[in-house]
Amino acid sequence: RADPVVVSRRAASAVIDGRRGLGQSAAVAAVRLATELSGEAGSATVAVRNSTDIFMIGHYAELLARAGKVGLVVTSGPPLVHPHGGTERLLSTNPIAFGFPRRGEDPYVFDMATSAIASSRVRQAMYEGTPLPEGSGRGPDGRATTDAALVRQGAISPLAGHKGFGLALSIGLLCGPLTGSGIGPELAGWQA
């Protein structure tokens, strides 16, 4: 019963309600709809709200590029990242991905988190007991640490200080208020 549904559709834009189902299903539906709408209008924006984690956003940018489109994909989630100069979790890792088609070759895809390190890398390092790179995050005491378990209890650092945090905030504003969704602490998630 959690199949995504289109709740608003115009010539070059649409909103999909993910109905709290698998985020990947909603994201693939958004790619298909964006491809269709941009074929008719020249460009299109499709937003997904009320969805769960879509994981590797570069995948969706690649799908758009393989369909002959230039793709820009952004997403937000529960707070994991502290602001520049702060220690409290305020924003998600708010990744951004681009996909560009190339004639006769695989597309060019760029996918990055706006945090110093992706949350999946922090989880993986915790499972493996390996240290994180310097500057990756802060523990629950607010001090910088390379211990992934402490970063999971504290917060991931923003990429490039205030620049990464500003980019993360901008993506959060695109993903939140513009779609009728929340941003930062307003979002509840499965990640701890």
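Residues numbered from 1 in each chain as written. Predicted model: local features only at pLDDT ≥ 70, side-chain atom pairs only at ≥ 80, totals over all residues. Heavy atoms only, no water.

Peer 1: Give me the pattern of salt bridges: which residues, what numbers.
Peer 2: A complete count under the given rule lists 4 salt bridges for this structure. Arg66 is paired through a salt bridge with Asp106; the nearest N and O atoms lie 3.2 Å apart. On the criterion of sequence distance, the pair formed by Arg66 in helix α2 (residues 58-66) and Asp106 in strand β6 (residues 105-112) is long-range, its members being 40 residues apart. The closest approach of N and O atoms between Arg102 and Glu105, which form a salt bridge, is 2.8 Å. Within this structure, Glu62, Arg66 and Asp106 form a network of salt bridges that share partners. (Salt bridge = Lys/Arg side-chain N within 4 Å of Asp/Glu carboxyl O. Helix = DSSP H or I, 4+ residues; strand = E, 2+ residues; numbered from the N terminus.)

Peer 1: Lay out the packing of aromatic side chains in plain terms, naming residues and giving numbers.
Peer 2: Tallying each qualifying case throughout the model produces 2 aromatic pairs. Seen from their ring centres, Phe98 and Phe100 are 6.3 Å apart, and the 10° between their planes marks the pair as stacked. Looking at Phe98, the relative accessible area reads 29%, which means it is partly exposed. Three or more aromatic residues joined by ring pairs form one cluster here, namely Phe98, Phe100 and Tyr108. (Phe/Tyr/Trp six-rings, centres within 6.5 Å; stacked < 30°, edge-to-face > 60°. Buried < 20%, exposed > 50% of the residue type's maximum accessible area, 1.4 Å probe, protein only.)

Peer 1: Just give me the short version of the pairing of strand β5 (residues 96-102), but keep the residues and values in it.
Peer 2: As judged from the 4 bridges shared by strand β4 (residues 71-74) and β5, these two strands associate in the antiparallel manner. The residue of β5 that forms the bridge with Gly71 is Gly99. For β5 and β6, the ladder comprises 6 bridges, and the chain directions are antiparallel. Bridge pairing in β6 links Phe98 to Phe110. The loop that links β5 with its antiparallel partner β6 comprises 2 residues; one of these, Gly104, has a positive phi angle of about 70°. (Pairing = 2+ DSSP bridges.)

Peer 1: Describe the sheet that holds β6, listing the residues and the values that go with them.
Peer 2: The sheet built from 3 strands is open, its strands ordered β4-β5-β6 with antiparallel pairing. Unpaired on one side and paired on the other, β4 and β6 mark the two borders of the sheet. Across the sheet, the axes of successive neighbouring strands diverge by a mean angle of 15°, strand direction being ignored. (Axes fitted to C-alpha atoms, helices over the stretch in contact; angles between N-to-C directions.)

Everything listed is a geometric property; what it means functionally is a separate question.
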